[in-house]
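# Observations on chain architecture
Here is how the chains run, residue by residue.
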Amino acid sequence: MLKTIVLSAYHPTVAEIDLEAFKENVKTLKQHITSELLLAVVKTNAYGHGIVPISQEAVRVGADRLGVTTVEEGAMLRESGITVPIHILSSIMPRQAEDIVRYHLTASISTFDLAYALSKAAEKRKKIISVHLKIDTGLHRFGVFPREAVNFCKTCYQLPGLEWEGVFTHFSSSDEGDWKKTDQQFEVFRSTVNALKSCGYNFPILHVGGSTIAIEGKPEMRLDMLRPGIALFGYTPAPRQKDKITLKPVMKLKSEIVQVHELPPNTPVGYGGNFITKSKTKIAIVPIGHGDGYKKALVNKGEMLVKGCRAKIIGSISQDQTIIDVTEISDVTEGDEVILLGKQGHEEITARDIAGWMDSIVDEVVSSFTERIRRIYI
Ligand SMILES: *Cc1c(COP(=O)(O)O)cnc(C)c1O
């Protein structure tokens, strides 16, 4: 985390984080998921929204737990005074076991080495730590193979210092709406859990899904806990889910025009000179670039809003600057507000639009904006 320095004026490019919208999204999701525990996934700096303020707000409005992917994120949340259980959803290195114990984090386990290291670290500090067994039902990222789960528990379940609080899996294709594959994975999960149970390996908390399962998953998939991430920030994972739940985008990205130029026809614009003006063109420079997570792929595709109108990105996106064509917009001057994400007048640019322009998903769009862009909480 960059330390906030106090200046008399700041860089014009900022991300406004609407905590009211975030709170409403959490409440909406809580209503949607009824009785299950809500684990708010705040990994990757809360999908770019700022992990500490977002997590504090999430807990305040009723998130039962938090989910991150690195020990650093978990430790940062503990240091900020958060006391609810914090899950490390990803695999970590055995050498990180000491910090899991020290910060009282809940680890996901899919290897013997990690289970053993955590057990040793817990014993050393005379602590009991919560762990969740991860089953790989088809994502093939990490997790214990279903056919090896019983044997895995034979070696790991009795290790001292560990409390096996839960067992979980993660679907590979639910966001894409592949319910055949998702049903199969769920069936594998269920039968694995049953096999474990019949051997005496019990796990009080079963959980399988993120936003998609919270929004449109079958009731039986809801189990004891749900793990929504992107939905908290105002977007459904897939466009088809848009009408199933009302969510509000939390992030607005804005800047100001730093320069305006009129260029004659046949003038190359930007690095490489690949874009050549056809006619007299008015260009405006916006101080954001790929160093801020504003991706080069947006050139010739993306748009920004100026004076309530859409302006196309042209030329090239450099590390700090982006060029837009404002020829058709009257009276554009330096200092005019530019909206890169959010509403201006009657127009709106959503993270879904940006994702479409760069052939990506909303998660990547919002998570990519770097810490150099100041977050302002409103
Ligand atoms: C990221 C993640 C989630 C949240 O997924 P969304 O689609 O953003 O809701 C849930 N569970 C695990 C294990 C994850 O890694």
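Computed from a predicted structure; not experimentally measured.

Conventions we followed
- Residues numbered from 1 in each chain as written.
- Predicted model: local features only at pLDDT ≥ 70, side-chain atom pairs only at ≥ 80, totals over all residues.
- Heavy atoms only, no water.
- Near = heavy atom within 4 Å.
- Polar contact = N/O pair within 3.5 Å; in protein donor to acceptor, adjacent residues only side chain to side chain.
- Areas by Shrake-Rupley, 256 points an atom, 1.4 Å probe, with all protein chains shown as cover.
- Nonpolar A, V, L, I, M, F, W, Y, C, P; charged D, E, K, R; others polar.
- UniProt positions renumbered as here; feature names shortened; annotations may be inferred.
- Helix = DSSP H or I, 4+ residues; strand = E, 2+ residues; numbered from the N terminus.
- Contact = heavy atoms within 4.5 Å.
- Phe/Tyr/Trp six-rings, centres within 6.5 Å; stacked < 30°, edge-to-face > 60°.
- Buried < 20%, exposed > 50% of the residue type's maximum accessible area, 1.4 Å probe, protein only.
- Expected span 1.5 Å × (residues − 1).

Around the ligand, the structure places Val-41, Lys-43, Tyr-47, Leu-89, His-170, Gly-210, Ser-211, Arg-227, Pro-228, Gly-229, Ile-230 and Asp-363. Here an oxygen atom of the ligand sits 2.5 Å away from a polar atom, N or O, in the side chain of Ser-211. Residue Arg-227 places a side-chain N or O atom 2.8 Å away from a nitrogen atom belonging to the ligand. In isolation the ligand exposes 390 Å². Once the protein is present, 92% of that is buried. Among the residues forming the shell around the ligand, the class breakdown is five nonpolar, four polar and three charged.

What follows deals with the UniProt feature "binding site: substrate" (unreviewed entry) in the chain. Those residues carrying the UniProt feature "binding site: substrate" (unreviewed entry) are Arg-141 in this numbering. One can find Arg-141 in the loop between β6 (129-134) and α7 (149-156). When near neighbours in sequence (up to four residues on either side) are disregarded, Arg-141 contacts Asp-136 and His-170.

Moving on, we get to the packing of aromatic side chains. What the rule picks out here adds up to seven aromatic pairs. Ring plane angle 25 degrees and centroid distance 5.6 Å describe the contact between Phe-112 and Tyr-116, whose orientation is recorded as stacked. Placement of the pair is Phe-112 and Tyr-116 together in helix α6 (residues 112-124), with a separation of four residues, close to one helical turn. Looking at Phe-112, the relative accessible area reads 36%, which means it is partly exposed. Tyr-116 gets classed as partly exposed once you look at its relative accessible area, which sits at 39%.

The subject of this paragraph is α6. With 13 residues, α6 should cover 18 Å at 1.5 Å per step; its first-to-last C-alpha distance of 18 Å lies within 8% of that length. Those residues of α6 lying buried are Leu-114, Ala-115, Ala-117, Leu-118, Ser-119, Ala-121 and Ala-122. At its buried positions, α6 is contacted by α5 (97-102), β5 (106-109), β6, α7 and β7 (162-168).

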